[in-house]
Amino acid sequence: MPKKAKKAKREHIDLEDWIERDLTAAYAAGDLPPAFEVDELLRQVEETLLAGNNRSPVLVGRPGVGKSAVFHALIAKLSRGEGPEALRGVRVLQFSFKAIAGRFPPNTGQATDFAQKLFNQLATMDPPVLPVIRDVHAAYRLDWEAMLHRFLGRARLPILAEAQPAAFDEMVEYWSDLTEYLVPIVVDEPPVPVVVVP
């Protein structure tokens with residue numbers, strides 16, 4: 001076997017081993033809960049995606065405020081043949097930077113080397129997939145900001161991402177070039193119901 005073919009085979013990653021969740025399959029199986037009161041956030045997400053140039057919406061908010069529900073609503077639309085035309089029928093796969101890094105010994109560089117290979121494969125897949133990074137802010141602590149920026153510059157599709165507020169702000173302050181692609185959309189705490197006692 002030619003050396004180049006051997007190298008390509010070694011560097012190929014079986015995505016199924018690293019996907020946290022196949023959201024397209026989950027929707028088809030009826031495993032994604034319905035989303036309520038996300039119309040305005042969904043509109044902002046779609047506007048960002050329609051802007052082109054791999055502009056990628058990042059839902060920024062504390063845990064439990066409903067960030068995932070917004071993307072679930074988008075996946076439902078795409079699966080019905082609605083929403084941004086370029087994304088209809090595209091497989092949506094969820095990843096976690098922290099979970100990926102946690103599978104390698106710390107401070108060895110192995111996680112970073114693997115992440116580079118993963119980014120390279122995601123950027124060139126045919127047909128392309130739409131990644132959802134549920135903790136994109138973790139790129140800062142992992143020193144993956146430059147890789148993420150390069151990936152967004154060459155990928156065939158944008159990403160969907162979630163982030164915690166302080167950590168996301170810290171990341172884009174340090175690596176401001178990421179704002180060329182990452183568009184923060186703030187997801188506030190849901191309103192507390194007011195109970196009127198007669």
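Residues numbered from 1 in each chain as written. Predicted model: local features only at pLDDT ≥ 70, side-chain atom pairs only at ≥ 80, totals over all residues. Heavy atoms only, no water.

A. A look at the environment of K77. Looking at the secondary structure, you find K77 in helix α4 (residues 67–79). In sequence terms K77 and R88 are eleven residues apart; their C-alpha atoms lie 8.3 Å from each other. Sequence-distant contacts of K77, defined by excluding residues within four places in its chain, comprise L42, E46, E82 and G83. (Helix = DSSP H or I, 4+ residues; strand = E, 2+ residues; numbered from the N terminus. Contact = heavy atoms within 4.5 Å.)

B. Spotlight on the environment of A101. Mapped onto the secondary structure, A101 falls in helix α5 (residues 97–101). In the structure, A101 is positioned 41 residues away from L142 in sequence and 8.0 Å away in space, judged by C-alpha atoms. Discounting residues that sit within four places of it in the chain, A101 has contacts with A111, L142 and W144.

C. Inspection of the packing of helix α6 (residues 110–124) against helix α8 (residues 145–154) at higher detail. α8 packs onto α6 with a crossing angle of 10 degrees between their chain directions and a minimal axis gap of 9 Å. When the axis of α6 is compared with that of α8, the two are roughly parallel. Contact residues: T112, A115, Q116, F119, N120, L122, A123 and T124 in α6; M147, L148, R150, F151 and R154 in α8. Class assignment for the residues of the contact of α6 with α8 results in seven nonpolar, four polar and two charged. (Axes fitted to C-alpha atoms, helices over the stretch in contact; angles between N-to-C directions. Parallel < 35°, antiparallel > 145°, perpendicular 65-115°, else oblique. Nonpolar A, V, L, I, M, F, W, Y, C, P; charged D, E, K, R; others polar.)

D. Here's a closer look at empty space enclosed by the protein. Scanning the model with the defined rule gives two cavities of 30 Å³ or more in all. When its volume is computed, the largest cavity comes out at roughly 50 Å³. At the level of secondary structure, the elements contributing two or more residues to the lining of the largest cavity comprise α5, α6 and β4 (129–133). Ranked by residue count, the leading element in the lining of the largest cavity is α6, at three residues. When its residues are assigned to classes, the lining of the largest cavity shows ten nonpolar, no polar and no charged. Approximately 30 Å³ is the volume attributed to the second largest cavity. In this structure, the second largest cavity is lined by L122, P128, V129, P131, F151, A155, R156 and L157. Of the residues in the lining of the second largest cavity, the class split is seven nonpolar, no polar and one charged. (1 Å grid on protein atoms, 1.4 Å probe; cavity = no way out; pocket = protein on both sides within 12 Å on 5 of 7 lines; lining within 4 Å. Points joined across faces, edges and corners; volume = space filled by probe spheres on them.)

E. Quick peek at the nonpolar core. Ranked by internal contacts, the top residues of the largest apolar core, which has 40 residues, are F97, W144, L148 and L182. Element by element, the count of residues in this core is highest for α6, at seven residues. Residues contacting L182, with those up to four places away along its chain left out, are S56, V58, L148, L152, I159, F168 and M171. In this structure, V45, L74, V92 and I185 belong to the second largest nonpolar core, which totals 25 residues. (Core = buried A, V, L, I, M, F, W, Y, C linked by side-chain atoms within 4.5 Å. Buried < 20%, exposed > 50% of the residue type's maximum accessible area, 1.4 Å probe, protein only.)

F. Molecular detail of the sheet that holds strand β5 (residues 160–163). Taken together, the six strands give an open sheet; going across it, the order is β1-β3-β4-β5-β2-β6, and neighbouring strands pair in mixed fashion. With one partner strand each, in any of the chains shown, β1 (21–22) and β6 (182–186) form the two edges of the open sheet. Inspection of the sheet shows strand β3 (residues 91–95) paired to β4 by five bridges, in the parallel sense. Directly across from Q94, in β4, lies its bridge partner V132. (Pairing = 2+ DSSP bridges.)

G. Layout of the pattern of salt bridges. Inspection of every chain in the model, using the stated rule, returns nine salt bridges. Linking D22 and R91 is a salt bridge whose minimum nitrogen-to-oxygen distance equals 2.8 Å. Taken as a pair, D22 in strand β1 and R91 in strand β3 lie far apart in primary sequence, 69 residues in all. When salt bridges with common partners are traced through the structure, they connect E16, D22 and R91 into a single cluster. (Salt bridge = Lys/Arg side-chain N within 4 Å of Asp/Glu carboxyl O.)

H. Region of interest: the confidence of the model for the chain. For the chain, the average pLDDT comes to 91, and 90% of its residues sit at 70 or higher. Contacts of residues 1–9 to residues separated by more than four positions or lying in other chains number one contact, the stretch itself having pLDDT below 50. (pLDDT = per-residue confidence, 0-100.)

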